[in-house]
Amino acid sequence: MTARVHPDEDRPAGPAGPSARDTPPDPHTLLGPHTPAGPHTPPGRTPRPHRRPEPDDGPPAVHPGGPAHQHPAAPGPGAEDNSPADRRPHPRPGPATSTPAREPSVRATGAPPLAAAGPAARAPHPLRTEFLRGATPWAAAALLVALGWPLAATAAQWQGSWGATTGRLSTAAAVIGVPFALAAGAWQGGRERRRRMTDLRASSPRTPLAQFLTAALPLACVLAGAYLVAVAGALLACAPYVSAGGPVPAVFAGDALSIAACAVLGQVAGRVLPWRAAPPLLAVGGYVLAGVTTSSSSGPAALAPASLRLIGDDGLPVWWCPLVSALFTAGLAAAAVLARSARRRGTALLPLTASLAAAALLLHTGDGRVRDNPLAHRQVCDDSTTPHVCVNATRPDLLPEAVRVLSGVTARLQGVQNVPVRFEDLSRRPRADEVELPLLTPLGWWSVRGRVLDPRGYAWQAALNLVQVRPECGRTPSAGRVRAVDGAVLRWLAPHSAWKDDRERSVRSARERGDAGVPAGFRAEDRAYARLVALGDDERRAWLGRYFATVRECSPDGSGVPSL
């Protein structure tokens, strides 16, 4: 049966009811012609054909009059479209007519509507991941331990001297830091090949250069940072025991940059040669290079990373040389990276040119990378003693200790004439009125942290320098008597138990050889010492004055040396 749609003018309207156009259709008539009429369908009226809901149709408005008064949204202006539903044009929703999403009713589902999802969690930056995970933090910790352990074990040899501390840190960077950075970089560079991630890396939207720098820079930075942490600890440990000069920050900055550049070079080598044997081979090669360049700082050895060598405080590094050395290594690393990963490989020529210029400057400078320390040619003296006690101006903190240790010798020489004016501590030979101060350096052998290791042995050596400045008398008739007098004065100036041990060894050796002259000489020395001790103070000072007047000469008959 076909339903006919009646025009509006054929539909009767009640005197009090609205027109058919204004009356909303009954909801039960929207089911179509095959749907049986509901109980609310007026008798004798044919149900209207089913109209498919349009995309812009909203939910039906609810009126207080009940379900019979519910109707769809009011149509727009214009004539009503009574064509079949399947032939009507469906308007495309525009930007302003988007269909609102219908949420399920709380009453129908029994649950509250879902809350809007929050913003997606931001992924961590790749650099942060490289810094905090993987082998990078472990490499930094391992390098810090590798640097800190030998520095702590040899602290007695550098605490108290800026030059010794700087030289020890530079040597540690060359011998430990550079080989370690090469090996760690090579291991990091072969990571993708070992994990079979080469194809995944190639499919990444990031450029090869960006991928390389993301993996290489964190390792280089943490290794350089580990070295700088070791430097800071060593400088803080040295500061309480040194009072002259100061550290040279350019040396430590250049060493740190060289370590970082070697880490990048190792990364390039690890990507080019992803063998498991590459890291140990690079470490061995770096160690051998450091060992070869240790004995020399000129010529091709000047091009080795962190090749500056300082021994004590006699020399100072030229401030720009460590930075130029780091530029040479960093230029090679940058050229290798650009040649390996850049889209335009010709850009590698720029850092390569800078590296070659730095190499030419280093080769031209040669031994001029270390200049003389002006403090090493001056002294700091205490003139309250006889002789005066002077120490090198690079170690003024050791002057009170030297005066204290030599107080026994200087007190016995108080008021004695013809004694040397001072104990000098310079690299030149002593003058006629000077005598050499016993060695206070190298640190760790004679003094540690401002203290003399063996005070009695140090005083005995100072007295020996006072007595044994005369030329060798040879086999003159008076040689035995002169040696006995010198031995008696030495024993009186610095009584020390070590001379007894030396005497016993000499006597034992002479008896084994059958030499009777050595025991006889010691017996003569004992008699001279007994006479010297028996003299009064004034008489002893007068005799010592005559003795020191002839201490630098030896007449053939020995008549110039006073007898005891």
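Residues numbered from 1 in each chain as written. Predicted model: local features only at pLDDT ≥ 70, side-chain atom pairs only at ≥ 80, totals over all residues. Heavy atoms only, no water.

Visitor: If you had to explain the overall build of the protein chain to someone new, which residues and values would you point to?
Guide: Check the secondary structure of the protein chain and you find 18 helices and 8 strands. In the protein chain, which comprises 564 residues, the share counted as buried stands at 37%. The contacts of the protein chain with a sequence gap of at least 6 include a subset with a gap of at least 24, amounting to 73%. Summing over all exposed atoms, the protein chain offers an accessible surface of approximately 32400 Å²; the carbon and sulfur share of this is 61%. (Helix = DSSP H or I, 4+ residues; strand = E, 2+ residues; numbered from the N terminus. Buried < 20%, exposed > 50% of the residue type's maximum accessible area, 1.4 Å probe, protein only. Contact = heavy atoms within 4.5 Å. Areas by Shrake-Rupley, 256 points an atom, 1.4 Å probe, with all protein chains shown as cover.)

Visitor: Go over the sheet that holds strand 5 (residues 422-424), please, and point to the residues and values.
Guide: Read from one edge of the open sheet, 4 strands run 3-4-5-6, paired in mixed fashion. Where the open sheet ends on each side, the last strands, each with one partner, are strand 3 (379-382) and strand 6 (434-436). Along the sheet, successive strands turn relative to each other by an average axial angle of 30°, direction set aside. Relative to strand 4 (residues 388-392), strand 3 runs antiparallel, the two sharing 4 bridges. What sits directly across from V380, in strand 4, is V391. (Pairing = 2+ DSSP bridges. Axes fitted to C-alpha atoms, helices over the stretch in contact; angles between N-to-C directions.)

Visitor: Tell me about empty space enclosed by the protein, and please be specific about residues and values.
Guide: Scanning the model with the defined rule gives 4 cavities of 30 Å³ or more in all. Looking at the largest cavity, its volume works out to about 80 Å³. Lining the largest cavity, in full, are S170, V251, G254, D255, S258, A306, S307, L308, C321, P322, S325 and R369. Within the residue set of the lining of the largest cavity, elements represented by two or more residues are helix 8 (249-272) and helix 10 (320-341). Its residues placed into classes, the lining of the largest cavity shows 5 nonpolar, 5 polar and 2 charged. Of the volumes computed, that of the second largest cavity is approximately 50 Å³. Looking at the lining of the second largest cavity, its residues break down into 4 nonpolar, 4 polar and 2 charged. (1 Å grid on protein atoms, 1.4 Å probe; cavity = no way out; pocket = protein on both sides within 12 Å on 5 of 7 lines; lining within 4 Å. Points joined across faces, edges and corners; volume = space filled by probe spheres on them. Nonpolar A, V, L, I, M, F, W, Y, C, P; charged D, E, K, R; others polar.)

Visitor: Pulling in residues and values, what's your account of the environment of L363?
Guide: Relative to the helices and strands, L363 resides in helix 11 (residues 349-365). In this structure the C-alpha to C-alpha distance between L363 and P300, which are 63 residues apart in sequence, comes to 7.0 Å.

Visitor: How would you summarise helix 17 (residues 517-534) if you had to cite specific residues and measurements?
Guide: For helix 17, spanning 18 residues, the distance from its first C-alpha to its last is 26 Å, which sits close to the expected 26 Å at 1.5 Å a residue. Taken as a whole, helix 17 has its buried residues at P519, F522, E525, A528 and L532. (Expected span 1.5 Å × (residues − 1).)

Visitor: Report on unusual backbone geometry, specifying residues and quantitative values.
Guide: Each neighbour pair has its own omega, and for T386 with P387 the value is -5°, a cis peptide bond. Residue position: P387 is located in the loop between strand 3 and strand 4. Here T441 and P442 are connected by a cis peptide whose omega angle stands at 5°. By the secondary structure assignment, P442 is in the loop between strand 6 and strand 7 (447-448). In this structure, A306 is a non-glycine residue whose phi angle is positive, near 55°. Note that A306 resides in the loop between helix 9 (278-294) and strand 1 (315-317). One non-glycine residue, R449, lies in positive phi territory at about 55°.

Visitor: Account for the nonpolar core, with residues named and values stated.
Guide: W158, L169, L223, Y227 and F252 are the most contacted members of the largest nonpolar core, which totals 49 residues. Elements represented by at least two residues in this core include exactly helix 3 (136-153), helix 4 (162-189), helix 7 (208-238), helix 8 and helix 10. It is helix 7 that provides the largest number of residues to this core, a total of 14 residues. Every residue in contact with Y227, bar those within four places of it in the chain, is listed here: L147, L169, S170, A173, F252, D255, A256 and I259. Counting residues in hydrophobic clusters, the runner-up holds 39 residues, among them L440, L535, Y547 and V551. (Core = buried A, V, L, I, M, F, W, Y, C linked by side-chain atoms within 4.5 Å.)

Visitor: Explain the packing of aromatic side chains residue by residue, including any values.
Guide: Throughout the structure, instances matching the rule amount to 2 aromatic pairs. Note on W543 and Y547: the rings are 5.5 Å apart at their centroids and 10° apart in plane angle, and the pair reads as stacked. Placement of both W543 and Y547 in helix 18 (residues 537-549) is noted, with a separation of 4 residues, approximately one turn of the helix. With respect to burial, W543 and Y547 carry one shared label: buried. Geometrically, the ring pair formed by Y547 and F548 is edge-to-face, given 5.3 Å between the ring centres and 75° between the ring planes. Residue F548 is classed as buried on the basis of its relative accessible area of 4%. Aromatic rings pair up to connect W543, Y547 and F548 into one cluster. The cationic tip of R412 hangs over the ring face of W492; the distance from NZ or CZ to the ring centre is 5.0 Å. One cation-aromatic arrangement involves R491 over Y529; the distance from NZ or CZ to the ring centre is 4.4 Å. (Phe/Tyr/Trp six-rings, centres within 6.5 Å; stacked < 30°, edge-to-face > 60°. Lys NZ or Arg CZ within 6 Å of the ring centre and 35° of its normal.)

Visitor: Describe the pattern of salt bridges, listing the residues and the values that go with them.
Guide: This structure, assessed with the given rule, holds 10 salt bridges. A salt bridge links D425 to R395; its shortest N-O distance comes to 3.4 Å. In this pair, D425 sits in the loop between strand 5 and strand 6 while R395 sits in the loop between strand 4 and helix 12 (399-405), placing the two residues 30 residues apart along the sequence. Between R491 and E525 there is a salt bridge, and its shortest N-O distance comes to 3.7 Å. (Salt bridge = Lys/Arg side-chain N within 4 Å of Asp/Glu carboxyl O.)

Visitor: I'd like a description of the side chain of E525, backed by residues and values.
Guide: Within the secondary structure layout, E525 lies in helix 17. Ignoring any residue separated from it by four or fewer positions in sequence, one finds E525 in contact with A484, G487, A488 and R491.

Visitor: Can you explain the packing of helix 4 against helix 7? Please cite residues and give values.
Guide: Geometrically, a packed helix pair is captured by the angle between its two axes and the distance between the axes. Put simply, helix 4 and helix 7 touch, their axes get as near as 11 Å, and they point 160° apart. When the axes of helix 4 and helix 7 are compared, the pair comes out roughly antiparallel. Relative to helix 7, the crossing made by helix 4 is right-handed. Each of W162, T165, L169, S170, A173, F180, A181, A184, G185 and Q188 in helix 4 lies in contact with helix 7, whose residues at this interface are A215, L219, L223, Y227, A230, V231, A234, L235 and C238. When the residues that make up the contact of helix 4 with helix 7 are grouped by side-chain class, the tally is 15 nonpolar, 4 polar and no charged. (Parallel < 35°, antiparallel > 145°, perpendicular 65-115°, else oblique. Left-handed = near helix turned anticlockwise from the far one by under 90°.)

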